[in-house]
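The residues making up each chain are set out below.
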Amino acid sequence: MGDLLANYEEFGDIPINKVMLAGSHDSGTYEMGASARTQNKTIAEQLELGIRYFDLRPKVHNSVFYIHHGILSSDTLLGTWPPADLDSGTEIFAQIRAFLKLHPAEIIILKFQDFSNFGHDDYKHFAQLLRKYMTFDVELPVRSRCTLVAPPVRASAGGDVGVKTVRRLVETGPRVFAFFQAKDVPKKMPALWDYVWTYEPSKERRPADELWDPFWEDFSTSMADDKAKEVATRWFPFHEANHDTWDGRGFFVMQAQMQVLHGTDLCSAYFNKAERSAKATSGEFTDPDKPGDLISNNARNADKFIEWAGLNRPLNIMASDFVEYGGLASKIHRYYRTKLTPKG
């Protein structure tokens, strides 16, 4: 975003929910085993790859917040309450803070869901921890500020994130959107909702949703993108139909990730089928015994995303597994550089 904002005046005028962004699914699973991992790269590495939307599943034990994936937990730290030092350590919140300090023109969306083992105080501490990490001043390379993007006053009617342009967010300081899955969070915590947005998974777009990310498996457990005969007839039409339903309000996420299909072929439990599929798209892996079978791929999904953009569909976020494959972020950047008019 920083490069585009510096070089293309009109980019700054785009509402944040009309900016094409690369996202990662189950973003914090990189330290888990093969049966749970959907990412190989740390959050810092994903940020450097251009990922700006993160799907994080928190679990807590004695005020220490971790990542989990269903029944499987990891040692990947989100943060600890109370925080000892905000500017050191490898916990996820520290990785994000360091990146935002180095890149004062970047905006990030964090979605937290499937809160595990949380009590009332844990929710409060988690939100306070998030706010502490994401609030700071930067002197260099330019004087700037970072804060969480405050939701609208609850009594007001609506508060579409789309009214916030890239330039407005960067210049005024709110650069991190934090969404909490509301069904698990105590409703009588008004201080929390002052700086955290609510989120509820839903199959259908609802007028009040500020983030909508319809999950294909909620519609059909068999509708993955690894079935060669169904990609054109079911997979892409599913995403197109959802996009047609989107009214342009709030963030819209296309969940283009693959399910982790457990397997130990190729002599490694770690080298699961989902990753093999992702690598196949980049031309880095081919199976001579099954040519064309492993087609659930990041590159093909990324190319379709860019193709839709070229058809003037106002796209927003596409989330993928194993984000190092497929080059989505670089394809988005290249697309904007061909469509926008340089300054001067």
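About the criteria used
- Just so you know, the residues in each chain are numbered from 1, in the order the chain's sequence is written.
- Local features in this predicted model are restricted to residues whose pLDDT is 70 or higher, and side-chain atom pairs enter the listing and the counts only when it is 80 or higher, whereas totals over whole chains, interfaces and linings include all residues.
- Excluding hydrogens and water, the side-chain values take into account all heavy atoms of the structure.
- Segments assigned H or I by DSSP are reported as helices when at least four residues long, segments assigned E as strands when at least two residues long, and all are numbered from the N terminus.
- Note on contacts: a residue pair is in contact if any heavy atoms of the two residues lie within 4.5 Å.
- What sets the accessible areas is the Shrake-Rupley method with a 1.4 Å probe; for residues, cover comes only from the shown protein chains.
- Here's how the labels work: a residue is buried when its accessible area is under 20% of the maximum for its type, exposed when over 50%, partly exposed in between, all with a 1.4 Å probe on protein chains only.
- By definition, pLDDT measures how confident the predictor is in each residue, and it falls between 0 and 100.
- Here a Phe, Tyr or Trp ring, Trp counted by its six-membered ring, pairs with any other such ring whose centre lies within 6.5 Å, and the pair is stacked when the planes are under 30 degrees apart, edge-to-face when over 60, and tilted otherwise.
- Only when the NZ of Lys or the CZ of Arg is both within 6 Å of the ring centre and within 35 degrees of the ring normal is a charge said to sit over the ring.
- To get an axis, a line is fitted to the C-alpha atoms, and for a helix only the part in contact is used. The angle between two axes follows their N-to-C directions and goes from 0 to 180 degrees.
- Orientation is classified from the angle alone, with under 35 degrees giving roughly parallel, over 145 giving roughly antiparallel, 65 to 115 giving roughly perpendicular, and any other angle giving oblique.
- Left-handed describes a crossing whose near helix is turned anticlockwise from the far helix through less than a right angle; right-handed describes the clockwise counterpart.

Trainee: Account for the overall build of the protein chain, naming residues and giving values.
Mentor: Tallying secondary structure elements over the protein chain gives 11 helices and 13 strands in all. A separation of at least 24 residues holds for 69% of the contacts in the protein chain among residues at least 6 apart in sequence. About 14800 Å² of surface is accessible on the protein chain, with carbon and sulfur atoms providing 53% of the total.

Trainee: For unusual backbone geometry, give the residues involved together with the corresponding values.
Mentor: Note: most peptide bonds trans; most residues except glycine with negative phi. The omega torsion across Trp 81 and Pro 82 is -5 degrees, close enough to zero to call that bond cis. The residue Pro 82 is located in the loop between strand E5 (72-80) and helix H3 (92-102) in this model. In this model, Asn 62 sits at a positive phi of 55 degrees, which is unusual for a non-glycine residue. On the secondary structure map, Asn 62 appears in the loop between strand E3 (58-61) and strand E4 (64-69). Taking relative accessible area as the criterion, Asn 62 reaches 65% and is therefore assigned exposed. Phi at Phe 322 is positive, roughly 45 degrees, even though this residue is not glycine.

Trainee: Pulling in residues and values, what's your account of the confidence of the model for the protein chain?
Mentor: Per-residue pLDDT for the protein chain averages 86, and the proportion of residues at 70 or more is 87%. pLDDT under 50 marks residues 261-271. Its contacts with residues more than four places away, or in other chains, come to 22 contacts.

Trainee: Give a description of the packing of aromatic side chains that names residues and reports values.
Mentor: Counting across every chain of the model gives 27 aromatic pairs. A ring pair is formed by Phe 115 and Phe 118, whose centres lie 5.1 Å apart and whose planes are at 80 degrees; its orientation type is edge-to-face. A single burial state applies to Phe 115 and to Phe 118, both of which are buried. Three or more aromatic residues joined by ring pairs make a cluster, and in this case those are Phe 65, Phe 93, Phe 112, Phe 115, Phe 118, Tyr 123, Phe 126, Tyr 133, Phe 180 and Trp 193. The ring of Phe 136 has Lys 101 sitting right over it, with the charged end atom 5.4 Å from the ring centre.

Trainee: Explain the packing of helix H8 (residues 231-245) against helix H10 (residues 298-310) residue by residue, including any values.
Mentor: Between H8 and H10, the least distance of the axes is 12 Å, while the angle of their chain directions is 50 degrees. As the angle between them shows, H8 and H10 are arranged oblique. Along this stretch, H8 crosses H10, giving a crossing that reads as right-handed. Between H8, through Val 231, Trp 235, Phe 236, His 239 and Glu 240, and H10, the contact on the second element is made entirely by Arg 300, Asn 301, Lys 304 and Trp 308.

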